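Residues per chain are reported as follows:
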2 protein chains.
Amino acid sequence: MAVRDEMTAVVAEQGGRMQATHEERRRQVLDAARACFARSGFRGASMQEICAEARMSPGALYRYFPSKEAIIEAIAEDERCDAAAIVETMRGTAPLIDRLCGCAMGYFAFMRDAGASSLMAEIGAESLRNSTIGQRFARIDDHVRETIREIFEEAIARGEIPPIEDMNATIGITMAAVDGIALRQISDPELTPDRIEPVMRRLIAGVLQIRT
Amino acid sequence: MAVRDEMTAVVAEQGGRMQATHEERRRQVLDAARACFARSGFRGASMQEICAEARMSPGALYRYFPSKEAIIEAIAEDERCDAAAIVETMRGTAPLIDRLCGCAMGYFAFMRDAGASSLMAEIGAESLRNSTIGQRFARIDDHVRETIREIFEEAIARGEIPPIEDMNATIGITMAAVDGIALRQISDPELTPDRIEPVMRRLIAGVLQIRT
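Since the model is a prediction, treat every value here as computed from it, not as a measurement. (Residues numbered from 1 in each chain as written. Chains lettered and ligands numbered in written order. Predicted model: local features only at pLDDT ≥ 70, side-chain atom pairs only at ≥ 80, totals over all residues. Heavy atoms only, no water.)

Draft legend 1. Structural detail: the overall build of chain A. Along its length, chain A carries nine helices and zero strands. Mapped from its N terminus to its C terminus, chain A presents α and β elements in the order α-α-α-α-α-α-α-α-α. Taking all contacts inside chain A whose residues are at least 6 apart in sequence as the whole, residues at least 24 apart take part in 66%. Carbon and sulfur atoms provide 55% of the accessible area of chain A, an area that totals close to 10500 Å². (Helix = DSSP H or I, 4+ residues; strand = E, 2+ residues; numbered from the N terminus. Contact = heavy atoms within 4.5 Å. Areas by Shrake-Rupley, 256 points an atom, 1.4 Å probe, with all protein chains shown as cover.)

Here is the structure:
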């Protein structure tokens, strides 16, 4: 009985170790793919390029992902999780303007990584092409949009902000402005967080008609 | 003498006609290239793809543009002219908010063309890659930025808006927001001009601290 337990433990540990390695290698492929997509675009990057970047043979890489589409799908899933975590920071009891501004600044910090923003620009370009890749990423957007709607509606119900005349357009334009700033901060060295923040506050206060 | 004049006129007319054809064919290549770049990206699109789109043989196409770089350069020059024309609409004697909003709406209308916005997204992606292509387009941006600065400074001097604490960040963020909206209106069917306009006014009024 003791021996059998010990054997089970050894097998489980080996399984765990193998799984760690599998997960590590999978992560390594995804990191390499992100770098390649940021550099060459989803369409421009080839599986060969990703293999070279990951220092893996095509045979090894195909054990983790059977196709470029499967890699893109996995990256979209990662992005979905990251976006969900960032929008959650909008909740809380602080004044709405502080929460919204804090969330936007958190997103800018996340996007300040050149790889993340290049990938985001590439995702934006694909969304406009109305391709399968674009549609996959559009679903992430829907989740963010719904969370913002909840937050705005709660603030209106509490009387913190006046009713919003066109909720959908207001959310869409706020998200668009935030995305635009997230991208521009990379190519514009003047747009450091301490200089973005006051202008961002004025922008949000204007859109939501918050008296400051 | 009369005969010679007539001959000169005929030769001049033929020359004019040939030039018109040359210009037309050149334009045809550029339109085809825009479509290819919007679809496949600057890096993804090949000269073969552009030839097929323009229905020209490589030999014919190379008579107009020796390389993909030369085509991109010509497109950048077109973009520069378009951007300059759009920012000029910001000048005038109407209230600043109307002029700014009118200019932004004009830009959105221009970008509503799916090809124009896909190309713009692709240009944005290249800017982040800090490539030669990106740098070429960054110069267009500088011109727009300087025109906006002039307009803002005039409005401050006239006492129409309060002094702006951080002019560069304010201009950068306004341009970033406008670019973000120009892109998102394509993938978000709710962002029609009549719904963008009121939110845009609130955004601009907030950023520039215009009492409305």
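Here the narrative resumes, following the displayed structure.
Draft legend 2. The arrangement of the environment of Cys103(B) in detail. Residues and elements named next belong to chain B. Within the element layout of this structure, cysteine 103 appears in helix H5 (residues 96–111). Residue classification places cysteine 103 among the buried positions, given a relative accessible area of 8%. When the C-alpha positions of cysteine 103 and threonine 89 are compared, they lie 5.8 Å apart, and in sequence the two are 14 residues distant. Apart from the residues lying within four places of it in its own chain, the contact partners of cysteine 103 are Ile86, Val87, Thr89 and Met90. (Buried < 20%, exposed > 50% of the residue type's maximum accessible area, 1.4 Å probe, protein only.)

Draft legend 3. Highlighting the UniProt feature "DNA-binding region" (unreviewed entry) in chain A. Mapped onto this numbering, the UniProt entry annotates "DNA-binding region" (unreviewed entry) at residues 46–65 of chain A. Taken end to end, residues 46–65 of chain A is 75% helix and 0% strand, and its two terminal C-alpha atoms sit 13 Å from one another. (UniProt positions renumbered as here; feature names shortened; annotations may be inferred.)

Draft legend 4. Up close: the packing of helix H8 (residues 167–187) of chain A against helix H8 (residues 167–187) of chain B. The interhelical angle for the contact between H8(A) and H8(B), taken along N-to-C directions, is 120 degrees, at an axis separation of 7 Å. When the axes of H8(A) and H8(B) are compared, the pair comes out oblique. You can see that H8(A) and H8(B) cross each other, and the crossing is right-handed. Each of Gly172(A), Ile173(A), Met175(A), Ala176(A), Ala177(A), Asp179(A), Gly180(A), Ile181(A) and Arg184(A) in H8(A) lies in contact with H8(B), whose residues at this interface are Gly172(B), Ile173(B), Met175(B), Ala176(B), Ala177(B), Asp179(B), Gly180(B), Ile181(B) and Arg184(B). Considered class by class, the residues forming the contact of H8(A) with H8(B) number ten nonpolar, four polar and four charged. (Axes fitted to C-alpha atoms, helices over the stretch in contact; angles between N-to-C directions. Parallel < 35°, antiparallel > 145°, perpendicular 65-115°, else oblique. Left-handed = near helix turned anticlockwise from the far one by under 90°. Nonpolar A, V, L, I, M, F, W, Y, C, P; charged D, E, K, R; others polar.)

Draft legend 5. Spatial organisation of the side chain of Arg184(B). Examined against the element boundaries, Arg184(B) turns out to sit in helix H8. Within the local environment of Arg184(B), its side chain forms a polar contact with the side chain of Asp179(A), the two groups lying 3.3 Å apart. Leave out the neighbours within four places in its chain, and Arg184(B) touches Asp141(A), Arg145(A), Gly172(A), Met175(A), Ala176(A), Asp179(A) and Leu191(B). (Polar contact = N/O pair within 3.5 Å; in protein donor to acceptor, adjacent residues only side chain to side chain.)

Draft legend 6. Expanded view of the nonpolar core. Counting 144 residues, the largest nonpolar core has Ile71(A) and Ile71(B) as the members making the most contacts within it. Aside from chain neighbours lying at most four places away, what touches Ile71(A) is Val29(A), Leu30(A), Ala33(A), Phe37(A), Met47(A), Ile50(A), Leu61(A) and Phe65(A). (Core = buried A, V, L, I, M, F, W, Y, C linked by side-chain atoms within 4.5 Å.)

Draft legend 7. Region of interest: the packing of helix H5 (residues 96–111) of chain A against helix H9 (residues 193–208) of chain A. All names here are of chain A. As a packed pair, H5 and H9 sit with axes 10 Å apart at the nearest point and diverge in direction by 135 degrees. For the element pair H5 / H9, the angle class is oblique. In this structure, H5 meets H9 at a crossing whose hand is right-handed. Judged by residue contacts, Leu96, Ile97, Asp98, Leu100, Cys101, Ala104, Met105 and Phe108 of H5 engage Pro193, Ile196, Glu197, Met200, Arg201, Ile204, Ala205 and Leu208 from H9. Of the residues that constitute the contact of H5 with H9, the class distribution is 13 nonpolar, no polar and three charged.

Draft legend 8. Layout of the interface of chain A and chain B. Contacts between the two partners involve 44 residues from chain A and, on the opposite side, 44 residues from chain B. Interface area for chain A against chain B, summed over the two sides, is near 3700 Å², with a carbon-plus-sulfur share of 55%. When residues of chain A are sorted by the area they lose upon contact with chain B, Leu128(A), Arg184(A) and Arg202(A) head the list and together hold 20% of the total. Summed over the shared surface of chain A and chain B, the number is eight salt bridges. Viewed at the interface, chain B and chain A are joined by 16 residue pairs in polar contact (both at pLDDT 80 or more). Listing elements by their share of the side of chain A that touches chain B, those giving two or more residues are helix H1 (2–44), helix H6 (114–128), helix H7 (132–157), H8 and H9 of chain A. Top element by residues in the side of chain A that touches chain B is H8(A). It accounts for 15 residues. (Buried area = accessible area lost by both parts, 1.4 Å probe. Salt bridge = Lys/Arg side-chain N within 4 Å of Asp/Glu carboxyl O.)

Draft legend 9. Layout of the relation of the copies chain A and chain B. When chain A is fitted to chain B, the residual RMSD is 0.0 Å, and the transformation amounts to a turn of 180 degrees plus an axial shift of 0.0 Å. The operation mapping one copy onto its partner corresponds to a two-fold rotation axis. Most of the interface of chain A is mirrored in chain B: 100% of its interface residues are interface residues there too. (Least-squares fit on C-alpha atoms with pLDDT ≥ 70 in both.)

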